Amino acid sequence: MAAPLSPQGNIGVGHARRLGASQSKEWPTGVSPADGSARRAAQPPLPPMALNGHRGDTHEVNGDDGETPTKLLRRAEEEEEEDTEETEEEEEETMPGDRRGEPGSEATAAGGGGASARRTPSERPARTRLESLRRSRPPFPWFGMDIGGTLVKLVYFEPRDITAAEEQEEVENLKSIRRYLTSNTAYGQTGVRDVHLELRDLSLCGRTGNLHFIRFPTHDLPAFLQMVRDKHFSSLHTALCATGGGAYKFESDFRTMADLELQKLDELDCLIRGVLFTDSSVSSSDPSECYYFENPSDPERCVQRPYALQDPYPLLLVNIGSGVSILAVYSEKNYKRVTGTSLGGGTFLGLCCLLTGCSTFEEALEMASQGESTRVDKLVKDIYGGDYERFGLPGWAVASSFGNMMSSEKREGVSKEDLARATLVTITNNIGSITRMCALNENINKVVFVGNFLRVNTLSMKLLAYAMDYWSKGQLKALFLRHELAVCGAERVN
């Protein structure tokens, strides 16, 4: 099928380089640290995640009935209040001179040996249970990570409601990690904190704070592990929650190099619950979290509009990372992977490195934004001299990606920027074509595109928006989200 070209669009690239980041000398070759989080109070459930392990914690996290620590803690507090009221009533009934409960009294004998009317704290099971549950809450820092084939993504929850007593009790390691993460926007040469994605004043597990998003290339993972080791992170946590293929591939490296166990979470489960978290929690405070492009075929009139992702099911979820997975989602727990393609963000970067000599994703996008793909691709009009009217194919549609490059004369006339642009268009159009067929087969008219390939990649988003709108005759709307979802799913402390 011929693939549609969308209007030439400028692309906001190299965003992280323009953040005014202060380079940190502590982080060896560009990496970032730890984080995790929990659940938004009084909101629909966040993406599920197990508790991060920590030193000295031997308490059970979940009860047999599946209750979460937050629910158990709340119930224990209620029991403690009832216990306190009962004790006060008993004290009121025990008048001065009343000898019940004293050794040798009738009440003592009848009670079988000395149960005092005024119970001591050690005899109050609700209070003991409450303290146990408080200890079972995971200690700071809270974080989660998604270890992909190209990038490692981290989220870190920075508490903003720390009491004076808590601050006094904090160990220096914890203070050092928090200062390091929040006072820098760049770590080494390749680690970046995306300040524009920061979520402020988020309520998680009864705490209020900011959620930070950090990324670095997967090939720099050894430097990250060295940083974790140098900062003695294992003295605070014995395990950390991670998703993505790298959670399996690098499990032994975390164990041997950083003295940490990985609590592995399924990538697609995290992705689905990340969508729910974004819809229920983030969108309520930021309506622009989910958005679409209005008039995607007209560069002058194309504008970004917020979209209320209410009653999201069913939806087609297209996750574009190194490769692509397409999921049909019917509810939180009812979804299936329909198909995918090996031609994804990793393909784009790999081919650009070969064809242009670039070395980073941002550099490849910058080159693509300045190129012209029609010098590289063979269009319908190059074959028919115009439109192929019988089947409704416009002359500007791509008939053969890179088709012009079989001509030595045309090869001499293209630039590296043209090659980067054609590569981006080829990958994006392929994803759009497959997505459209899946939507038809599954009878779904709502499509959400996510994944790090779309980070600061406005050009591809507009291409996808135009392709969905054009080939579906306006029936399909391409939706996008501002935040990375799988890592949000891996970050929850339930």
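Conventions and cut-offs
- Numbers given for residues are sequential positions, taken from 1 along each chain in its written order.
- A pLDDT threshold of at least 70 governs which residues receive local features in this predicted model, and a stricter bar of 80 or more applies before side-chain atom pairs are shown or counted, although totals over entire chains, interfaces and linings include all residues.
- As a rule here, side-chain values cover all heavy atoms of the structure and leave hydrogens and water aside.
- A run of DSSP states H or I qualifies as a helix once it reaches four residues; a run of E qualifies as a strand once it reaches two. Both are numbered from the N-terminal end.
- Contacts: residue pairs with any heavy atoms within 4.5 Å of one another.
- Using a 1.4 Å probe, the Shrake-Rupley method yields the accessible areas, and only the shown protein chains count as cover for residues.
- Salt bridge, as used here, is a side-chain nitrogen of Lys or Arg placed within 4 Å of a carboxyl oxygen of Asp or Glu.
- The cut-offs for exposure are 20% and 50% of the maximum accessible area for each residue type, with area from a 1.4 Å probe on protein chains only; residues under the lower value are buried, those over the upper are exposed, and the others partly exposed.
- Here, nonpolar core refers to any group of buried Ala, Val, Leu, Ile, Met, Phe, Trp, Tyr and Cys residues whose side-chain atoms link them within 4.5 Å.
- Only the six-membered ring of Trp is used, alongside the rings of Phe and Tyr, when aromatic pairs are assigned; centres must lie within 6.5 Å, and planes under 30 degrees apart are stacked while those over 60 apart are edge-to-face, with the rest tilted.
- Per-residue confidence from the prediction method is given by pLDDT, with values spanning 0 to 100.
- Between any two strands, at least two bridges found by DSSP are needed for them to pair.
- The angle between two axes is taken between their N-to-C directions and runs from 0 to 180 degrees, where each axis is a line fitted to C-alpha atoms and a helix contributes only its stretch in contact.
- Definition of a polar contact: a pair of N or O atoms within 3.5 Å, with one able to donate and the other able to accept a hydrogen when the atoms are protein atoms, and with sequence-neighbouring residues admitted only if both atoms are side-chain atoms.
- Here a crossing is taken to be left-handed if its near helix is turned anticlockwise relative to the far helix by less than a right angle, and right-handed if that turn runs clockwise.
- When residue character is reported, Ala, Val, Leu, Ile, Met, Phe, Trp, Tyr, Cys and Pro are called nonpolar, Asp, Glu, Lys and Arg charged, and the others, Gly included, polar.
- A 1.4 Å probe that fits but cannot get out identifies a cavity on a 1 Å grid over protein atoms alone, an open set with protein on both sides within 12 Å along at least five of seven lines counts as a pocket, and a residue lines either if it has an atom within 4 Å of a point.
- Grid points are joined across faces, edges and corners, and a volume is the space filled by probe spheres set on the points.
- By definition, disulfides here are pairs of cysteine sulfur atoms that lie within 2.5 Å.

Further remarks concern the overall build of the chain. The helix and strand tally for the chain stands at 16 helices and 18 strands. Restricting to contacts in the chain with at least 6 residues of sequence separation, those with at least 24 account for 73%. Of the roughly 23000 Å² of accessible surface on the chain, a fraction of 47% belongs to carbon and sulfur atoms.

Another point: the pattern of salt bridges. Pairing is possible between side chains that carry opposite charge, provided their charged atoms lie close to one another. Applying the stated criterion across every chain, the model contains 18 salt bridges. A salt bridge links Glu-362 to Arg-215; the shortest N-O distance between them is 3.5 Å. Note that Glu-362 is positioned in helix H11 (residues 361–369) and Arg-215 in strand E7 (residues 207–217), a separation of 147 residues in sequence. Here Glu-362 matches Arg-215 in class, with each residue buried. In this structure, Asp-298 engages Arg-301 in a salt bridge whose closest nitrogen and oxygen atoms are separated by 3.7 Å. A relative accessible area of 22% means that Asp-298 is categorised as partly exposed. When its relative accessible area of 48% is taken as the criterion, Arg-301 is described as partly exposed.

Here we take up the nonpolar core. In terms of nonpolar packing, the biggest core is built from 41 residues, with Ile-320, Phe-348, Phe-449 and Phe-480 touching the most fellow members. Sort the elements by how many residues they give to this core and helix H14 (residues 416–442) lands first, with eight residues. Apart from residues lying up to four places away in sequence, Ile-320 is in contact with Gly-345, Ile-431, Phe-449, Val-450, Gly-451, Asn-452, Phe-453, Leu-454 and Leu-464.

A complete count under the given rule lists 18 aromatic pairs for this structure. Here the aromatic rings of Tyr-291 and Phe-293 are separated by 5.9 Å at their centres, their planes lie at 85°, and the arrangement is edge-to-face. Accessibility expressed as a relative area gives 8% for Phe-293, which makes it buried. Here the aromatic rings of Tyr-466 and Tyr-470 are separated by 5.8 Å at their centres, their planes lie at 40°, and the arrangement is tilted. Of this pair, Tyr-466 and Tyr-470 are both found in helix H15 (residues 458–471), four residues apart, which corresponds to roughly one turn of the helix. A residue is classified by how much of its surface remains accessible, and Tyr-470, at 26% relative accessible area, is partly exposed.

Put simply, the chain has an average pLDDT of 76, and 68% of its residues get 70 or more. The lowest-confidence element of the chain is strand E1 (residues 23–24), averaging 39 in pLDDT; the highest-confidence one is helix H10 (residues 345–356), averaging 97. Scored below 50 in pLDDT, residues 90–119 shows 19 contacts in the model against residues more than four places distant or in partner chains. Ignoring residues within four places in sequence, the model shows residues 129–137, a span with pLDDT below 50, making 24 contacts including any to other chains.

In terms of burial, strand E17 (residues 446–450) is a largely internal element, five of the five residues being buried. Of the two faces of E17, both are covered, the one formed by Lys-446, Val-448 and Val-450 as well as the one formed by Val-447 and Phe-449. Relative to E17, strand E12 (residues 315–320) is paired through four bridges, and the arrangement is parallel. Its bridge partner lying in E17, Val-318 is registered against Phe-449.

One open sheet accounts for seven strands, arranged E11-E10-E18-E17-E12-E13-E14; its pairing is mixed. Pairing within the sheet leaves two strands with one partner each, and these edge strands are strand E11 (303–306) and strand E14 (335–341). In this sheet, neighbouring strand axes are inclined to one another by 30° on average, regardless of whether the strands run parallel or antiparallel. Bridge analysis of E12 against strand E13 (residues 324–329) gives six bridges, and the strand direction is antiparallel. Bridge pairing in E13 links Leu-317 to Leu-327. Contacting E12, E13, E14 and E17, H14 runs over the sheet at an angle of about 145° to E14.

By secondary structure assignment, the location of Lys-153 is in strand E3 (residues 151–159). On the basis of relative accessibility, which here comes to 10%, the residue Lys-153 falls in the buried class. Polar side-chain contacts of Lys-153 include one of 3.3 Å to the backbone oxygen of Leu-151.

Here helix H6 (residues 221–230) crosses helix H8 (residues 251–258) at 35°, and the two axes come no closer than 9 Å. Along this stretch, H6 crosses H8, giving a crossing that reads as right-handed. Seen from H6, the contacting residues are Leu-221, Pro-222, Phe-224, Leu-225, Val-228 and Arg-229; seen from H8, they are Asp-253, Phe-254, Thr-256, Met-257 and Ala-258. Here the contact of H6 with H8 is composed, by residue class, of eight nonpolar, one polar and two charged.

A cis geometry characterises the amide bond from Tyr-313 onward to Pro-314, with omega recorded as -10°. Take Pro-314: it is sitting in the loop between E11 and E12.

If you walk through the whole model with that rule in mind, you get one cavity of 30 Å³ or more. In this model, the largest cavity occupies a volume close to 30 Å³. Looking at the largest cavity, the residues that line it are Ile-272, Val-275, Leu-276, Tyr-313, Leu-315, Leu-317 and Val-329. Counting residues per element, the ones that place at least two in the lining of the largest cavity are helix H9 (267–285) and E12. The leading source of residues in the lining of the largest cavity is H9, at three residues. A per-class count over the lining of the largest cavity returns seven nonpolar, no polar and no charged.

The next point concerns the state of the cysteines. Using the criterion set out here, one finds zero disulfides in the structure. With no disulfide of its own, Cys-358 lies 4.3 Å from the sulfur of Cys-353, the closest cysteine sulfur.

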